[in-house]
Every structure is written in structure tokens, then in C-alpha cells.
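Fold and contact review
Listed below are the residues making up each chain.
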Amino acid sequence: MAVQVCCRGQRLALLMLSRSVSHSSVSVREPDSHTPVPFSRSAIGTFFQERPLLTNPFTQDALLRAYLQRHLPEQQVQRDLLLFGERLVSEIEALGRQCELSPPVLQRYDAWGRRVDRILTCDAWTRLKHISAQEGLVAAGYERTYGEWSRVYQMSKIYLFAPSAGLYTCPLAMTDGAAKVIESLGVPVREEFKRLTTRDEKRFWTSGQWMTERRGGSDVSSGTETVARRQQDGWFKLYGFKWFTSATDADVTLTLARITDQHGRKVHWSFKLYCIEFVLFTHSTLRPLLLQTVTLLSVCLQLSEEGRGVASIANMLTITRIHNTVCAVGTMRRITHLCREYARKRAAFGKLLKDHALHVQTLSRLEVETRAAFLFAMEVCRLLGREGNRSARDRDTLLLRLLTPVAKLYTAKQAVSVVSEGLESFGGQGYIEDTGLPSMLRDAQVLSIWEGTTNVLSLDVLRSIAKSSGSVLQAFFTDERLQVAEASAALRPAVTSLHTSLSALKRFAQTAAARPTGTLEQSARDLAYSLARIYMGALLVDHAAWENATHTDIYAALRWCDQDLCPVVSRDAAGCYDPQTAVMDTALVYDGLQP
């Protein structure tokens, strides 16, 4: 069946029925004229849209380069990141894509029926492990070549690496966390620590994290049922059920278990956390995914003191949450880079996207979000570096405790929003798997889930305030960054907004202690958002007040501070935390639900 179409210069809309009309059966009948008609001899045209190209992400990142120029002006750092950026484009990007297309496979049995429980990964995954060692993506944080700025240097590389890594950032975060735990506890596992922090690809080990049991969730104290039985040689055997692991193919891993006595009975505890233990599995006995209600592994080594397992997790969580933050910001930066590059080559409605004011306005808003997130992430990394270098003041330690969960929860939410909006810049191609773009949104979504969901971390913020008797908030309110921009006329609107928001937040905090516990819990999420927005604003203003700052730095600070920086106060005024509001929230959520 042929479809005859008369072409007289007008545009026609055709409905093709795939079952009855094939592509090859469409023909074009020219009008009886010798005058050429556009497209008269073409069935599909010759246009192909140019795809967005990834170029060296370091040279394309003005804020990263300016930040390092201001705080870490080391030629070696600049050169290393420049070369790393080139390697990302020429090698790592393709490896990460291969990992996305070739996920791991669990081989339970060999060809002769023997149980092997072997995880098969693609060659690219192994190659990324070698590159991670060579580039010092974990080691740089422990070599401390640049003193208190060593973590900033390390995380700058993670920030560039993450969007191209095919999620290899997960085992790196777990490895960094394990190394931090070993270092902080001072336990005699020197060889394991060296392997976790080496640049030698042949000796480099990664670490996993086995926490999740049937009960799941972040409440590992009550959710841990696995028991550890001490052996005569001082090692332990574990019995229990773990159904989810991070970095399952790692060389060693950390987990939690409860100690039992010589009769196999759980030791009685007077506090909920008393009998949680931290243990390290050795490399030779790791059997990934064979996690049943029998012996999990042959032997394991106790790391923490008895009853201090959950407390020992704190250092690990700080590291993994900061990794989460840096990966979120790296993803945001990557999508904004691709969007602006694409806008210079994609035309719609008669002009390039970069010439559509509304499109550029949208990208500008994404850029402001990304800049604020970047400065926040780097500040937390700086505080982590001071803590690791033993140069942290009391105020630095308090800020690190408060800001780590705040940065993780807020940047994770930003990443989902920014990447989702960014995908719209590519139209339909943003949803086509073959472009590799949709995986950015999928991978961004997990950032708000693992290492503590938004609500869990919001409650952790409240916990940090309570345990420090408000000292973490005092450290926050006395941050000196707001003072440096006082004399800048250009930044005055932003500074005024920050001062107003800080004052309002301080009044809320002063009255919060007298409120019912339920009220505080209701406000926890908005409180965390307020802390994030105000601190991000302070960092943007501080950067814009730098003597080498540009007009775009000032503009970004002004645009950020245009928004409601303190939503907890706005919503409190609207009655969002009143007892009756909680009742109505429940009624609304369960309206119409049948028993």
C-alpha cells in the first residue's frame, strides 16, 4: 500500500499506521511543474542533531578553579586536576558507561553444581578500581599532603569523578569510611588500613558495609539480630541474615552483630545500644551474598569495644554522608555543563536555545543551585580536613557535626530537582536510555535515600542540637563569614536577607526548647532546610566578597538570597506545627482508606 502525498510547499501532518503502512511504501508525487519543491525528493531529510559533548570538566568549571585559587593555590593540585579532567573524558567516561550497561551478575553455582556465590563484574568495573587507586581517590584524604586542605583536594577529584564513575563512588565511600573507623579506633589492623589507603592498584582493597537485616531502615540498633560467637583464637563467627550490602564485591567489609555468651545466649543489655559490636571481615573469608540463617562467614575480627558498635559508626557515617554530598554536587555540575553546551547547538523555533531568554533563565537558576551546593560541600570537606589534621577548633568540630547531615539531605534533594529540570533541556532525548542521560536522574534519586533519608537526617540534626545542649547552633549563629561583606554595596541586599533570616531563626531556636517534643519533630525538616539555605547564602556572599570575585559571583549570591531562607519560621507563623495541624495531617493522609 502506497501513500500519495502532494507537496506544494506547505507542511503536512500525517498519521502513519504501522501495521498497514511501512516506511518504504511512502512515496512523494511532485506537482506538474518544473519549479523545484523543497523536500520533494527526500523522505526523511538529512538533519541529525549534534549531541552534547563532555569536555574537560575541570577547565569548564569556573567556580572550582576560583575556589582552589583562593584556598589551595598549589600548582601541583591545578596540574593534577587538569590531567584528571582529561582522563575523565578520554577514558573514565566510557568505562562508567560500560558499567551502567553491564551490571553485576550473581553466579550461584558452577557448571558442575557446586555452590560458588561468585559476583561477576565487567572489566570496566575492575579498571575503575585500578584508576581509583592510581588517582588516590581514597589515599589523598589520608596522605594529608596539603594539611587541612587535603580533604578538599581529595573531594575535588571525587566531585569530578562521580558523574562518570558508573557508581564506583559507592565502594570508594565505603572504603573511605572503613579507613576512617580503623584510624579513629586505633585498632591493630595496620595492613588492612594500608591496603584501603594505598595508591598501588595491585595492593588496593575496597571495603563494603553490611548493615541491613530484615527490619531494614536506619535504626540499626534495634534492627540488628545477627549474633557473633567468639572463637578460641579471639576471632568471631557470625550467625544471622543480611539481605542488602553496599559494595558487595569488596575485599573487606564492616558490619554490626550482637555478642553472645559461651552458651549462645544474647548478653543482656540495660540500654538499647549496649551489645552492638563492630566487626571487620577478612579478605580471605569473604563470600558475597551468601547471607542465610547459618554461619555467614568463617571468621571476623572485632573492631570496637563491647557496647560501642553503633557509636563507632559515627565516623563512618560522617565520611559516607560527605561522599554522598560531593557526588550530588558533582552530578548537578555535570548536568549544567551538558545543558549549556547543548544550548549552543540545539535550535528550536528559529534560533538556538542559548538565544531563548526563558531557557537561559532556567539554566541560570540551576547554576545558582549548583554553586550554592558546591560551596557548601567544600566547606564541610574543609571542616573534615581540619578534624583529620588535628587542627580543628571546638567550633569547627561542632559545625562538622551539625552541617554534615544538613549538607547531605539538602544537596541530595537539590540534585534530584536540578537533574530532572536539566533533562528537560534535551527534550525527548533526555528520556532516551541510549543517550545515557536518564541514568543521571536514576542515580541522583538514590542520593536522598541511602546514608539516611531526608527525615532521618532531619531528626539527626535535632539530636545533635540536644546532645550538644545547643552548642552546635551557637557555632552556627556566630559564623564570621557574614561580617566580611558588610561594606559591599552590591551585596547589601543579600547580607540584609541573611541577617534577617538569622535573627528569625535564632528567635525560633530560643523558643523551641519550651515547645512539646512533637512540635519540634514536625519542624525538623524545615529547620534543616533553613540551616542549609542560610549557610549556603553566607558562603555565596563570602565568595562574592573575595577580591578576585566576578560579577557573576555577586549575581549568584543575590539570586540565592532572593528566596525564603528560613522556611521554618514562615511555616511556624502559618501554624504548620500546631498540635491540631498534626491531627489534620493524619486525617488528610488516611482519608478514604479502608481497614
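Residues numbered from 1 in each chain as written. Predicted model: local features only at pLDDT ≥ 70, side-chain atom pairs only at ≥ 80, totals over all residues. Heavy atoms only, no water.

**A few points about the overall build of the protein**
- Helices and strands together make up the secondary structure of the protein, namely 19 helices and 13 strands.
- For the protein, the share of sequence-separated contacts (at least 6 apart) that also reach a separation of at least 24 residues comes to 74%.
- Per element, the accessible surface of the protein, about 29,600 Å² overall, is 53% carbon and sulfur. (Helix = DSSP H or I, 4+ residues; strand = E, 2+ residues; numbered from the N terminus. Contact = heavy atoms within 4.5 Å. Areas by Shrake-Rupley, 256 points an atom, 1.4 Å probe, with all protein chains shown as cover.)

**Comments concerning the layout of surface pockets**
- Roughly 980 Å³ of internal volume is contained in the second largest pocket.
- Residue lining of the second largest pocket: 42 residues in total, with Glu93, Pro163, Gly436, Ser439 and Met440 positioned closest to the centre.
- Per-element tally for the lining of the second largest pocket: the top contributor is helix 9 (residues 309–343), with 8 residues.
- Broken down by class, the residue content of the lining of the second largest pocket amounts to 19 nonpolar, 14 polar and 9 charged. (1 Å grid on protein atoms, 1.4 Å probe; cavity = no way out; pocket = protein on both sides within 12 Å on 5 of 7 lines; lining within 4 Å. Points joined across faces, edges and corners; volume = space filled by probe spheres on them. Nonpolar A, V, L, I, M, F, W, Y, C, P; charged D, E, K, R; others polar.)

**Focus: the pattern of salt bridges**
- A complete count under the given rule lists 37 salt bridges for this structure.
- The salt bridge partner of Arg371 is Glu367, with a shortest N-O separation of 2.9 Å. Of the two residues, Arg371 and Glu367 are both situated in helix 10 (residues 357–388); the distance of 4 residues between them amounts to about one turn of the helix.
- In this structure, Arg386 and Asp396 form a salt bridge, with 2.8 Å as the shortest nitrogen-oxygen distance. With Arg386 in helix 10 and Asp396 in helix 11 (residues 394–424), this pair connects stretches of sequence that are 10 residues apart.
- Under the relative-accessibility criterion, Arg386 is labelled buried at 12%.
- Among the charged side chains, a salt-bridge network with shared partners connects Glu148, Arg386, Arg393, Arg395, Asp396, Asp479 and Glu480. (Salt bridge = Lys/Arg side-chain N within 4 Å of Asp/Glu carboxyl O. Buried < 20%, exposed > 50% of the residue type's maximum accessible area, 1.4 Å probe, protein only.)

**Quick notes on helix 3 (residues 123–134)**
- Spanning 12 residues, helix 3 covers 17 Å between terminal C-alpha atoms, matching the ideal 16 Å at 1.5 Å per step.
- Contacts from the buried residues of helix 3 go to helix 2 (75–101), helix 5 (150–161) and helix 6 (169–185).
- In the stretch just after helix 3, Gly136 is the one whose phi turns positive, near 65°. (Expected span 1.5 Å × (residues − 1).)

**Quick look at the packing of aromatic side chains**
- Overall, the coordinates contain 11 aromatic pairs when judged by the stated rule.
- Ring centres 5.8 Å apart and planes at 45° place the aromatic pair Phe376 and Tyr535 in the tilted group. With Phe376 in helix 10 and Tyr535 in helix 16 (residues 517–544), this pair connects stretches of sequence that are 159 residues apart.
- By the ring-pair criterion, three or more aromatic residues cluster together here, those being Phe376, Phe476, Phe477 and Tyr535.
- Across from the ring centre of Tyr142, 4.8 Å away, lies the NZ or CZ of Arg151, which sits over that ring.
- The residue whose ring lies beneath Lys157 is Phe84, and the NZ or CZ to ring-centre distance is 4.8 Å. (Phe/Tyr/Trp six-rings, centres within 6.5 Å; stacked < 30°, edge-to-face > 60°. Lys NZ or Arg CZ within 6 Å of the ring centre and 35° of its normal.)

**A look at the side chain of Ser439**
- Position of Ser439 among the secondary structure elements: in helix 12 (residues 438–445).
- Among the residues examined, Ser439 registers a relative accessible area of 8% and is labelled buried.
- Within polar-contact distance, the side chain of Ser439 engages the backbone oxygen of Gly436 at 2.8 Å.
- For Ser439, the contacting residues outside a window of four places in its chain are Arg97 and Glu100. (Polar contact = N/O pair within 3.5 Å; in protein donor to acceptor, adjacent residues only side chain to side chain.)

**Considering the packing of helix 11 against helix 16**
- Interaxial distance between helix 11 and helix 16 falls to 9 Å at its minimum, and their mutual angle equals 95°. Between helix 11 and helix 16, the angle falls in the class roughly perpendicular. Contacts from Leu399, Leu402, Leu403, Val406, Leu409, Tyr410, Thr411, Lys413 and Gln414 of helix 11 reach helix 16 at Arg525, Ala528, Tyr529, Leu531, Ala532, Arg533, Tyr535 and Met536.
- Of the residues in the contact of helix 11 with helix 16, the class split is 12 nonpolar, 2 polar and 3 charged. (Axes fitted to C-alpha atoms, helices over the stretch in contact; angles between N-to-C directions. Parallel < 35°, antiparallel > 145°, perpendicular 65-115°, else oblique.)

**So, the nonpolar core**
- Core analysis: the largest hydrophobic core is formed by 134 residues, its most contacted members being Phe376 and Phe476.
- What Phe476 contacts, discounting residues up to four positions off in sequence, is Leu399, Leu402, Leu403, Leu502, Leu505, Leu531, Ile534 and Tyr535.
- In this structure, Ala228, Phe236, Leu238 and Ile259 belong to the second largest nonpolar core, which totals 5 residues. (Core = buried A, V, L, I, M, F, W, Y, C linked by side-chain atoms within 4.5 Å.)

**With respect to the confidence of the model for the protein**
- A residue-level look at the protein finds 81% of positions with pLDDT of 70 or above and a mean pLDDT of 85.
- Across residues 1–12, confidence stays below pLDDT 50; counting only partners more than four residues off in sequence or on other chains, it has 23 contacts.
- For the stretch residues 16–30, pLDDT sits under 50, and the model shows 23 contacts to residues farther than four places along the chain or on other chains. (pLDDT = per-residue confidence, 0-100.)

**Regarding the pairing of strand 6 (residues 227–230)**
- Here strand 6 pairs with strand 7 (residues 236–239) via 4 bridges, running antiparallel. Of the residues in strand 7, the one forming a bridge with Ala228 is Leu238. (Pairing = 2+ DSSP bridges.)

**A short note on the environment of Thr226**
- Relative to the helices and strands, Thr226 resides in the loop between helix 8 (220–223) and strand 6.
- Each C-alpha atom of the pair Thr226 and Met211 lies 9.7 Å from the other, and the pair is 15 residues apart in sequence.

**Considerations on the packing of helix 1 (residues 62–71) against helix 5**
- At a minimum axis distance of 12 Å, the contact between helix 1 and helix 5 shows a crossing angle of 170°. Our classification of the angle between helix 1 and helix 5 gives roughly antiparallel. In this structure, helix 1 contributes Leu64, Tyr67 and Leu68 to the contact, and helix 5 contributes Val152, Ser156, Tyr159 and Leu160.
- Here the contact of helix 1 with helix 5 is built from residues that sort into 6 nonpolar, 1 polar and no charged.

**Brief notes about the state of the cysteines**
- In the structure shown here, the tally under the stated rule is 0 disulfides.
- Distance from the sulfur of Cys99, which forms no disulfide, to the nearest cysteine sulfur (Cys122) is 3.9 Å.
- Here Cys99 falls in the buried class, since its relative accessible area comes to 8%. (Disulfide = S-S within 2.5 Å.)

**Regarding unusual backbone geometry**
- Not every positive phi belongs to a glycine, and Phe349 is a case in point at roughly 55°.
- Position of Phe349 relative to the elements: it lies in the loop between strand 12 (347–348) and strand 13 (351–352).
- On the basis of relative accessibility, which here comes to 83%, the residue Phe349 falls in the exposed class.
- The phi angle at Arg390 is positive, at roughly 60°, despite the residue not being glycine.
- Within the secondary structure, Arg390 sits in the loop between helix 10 and helix 11.

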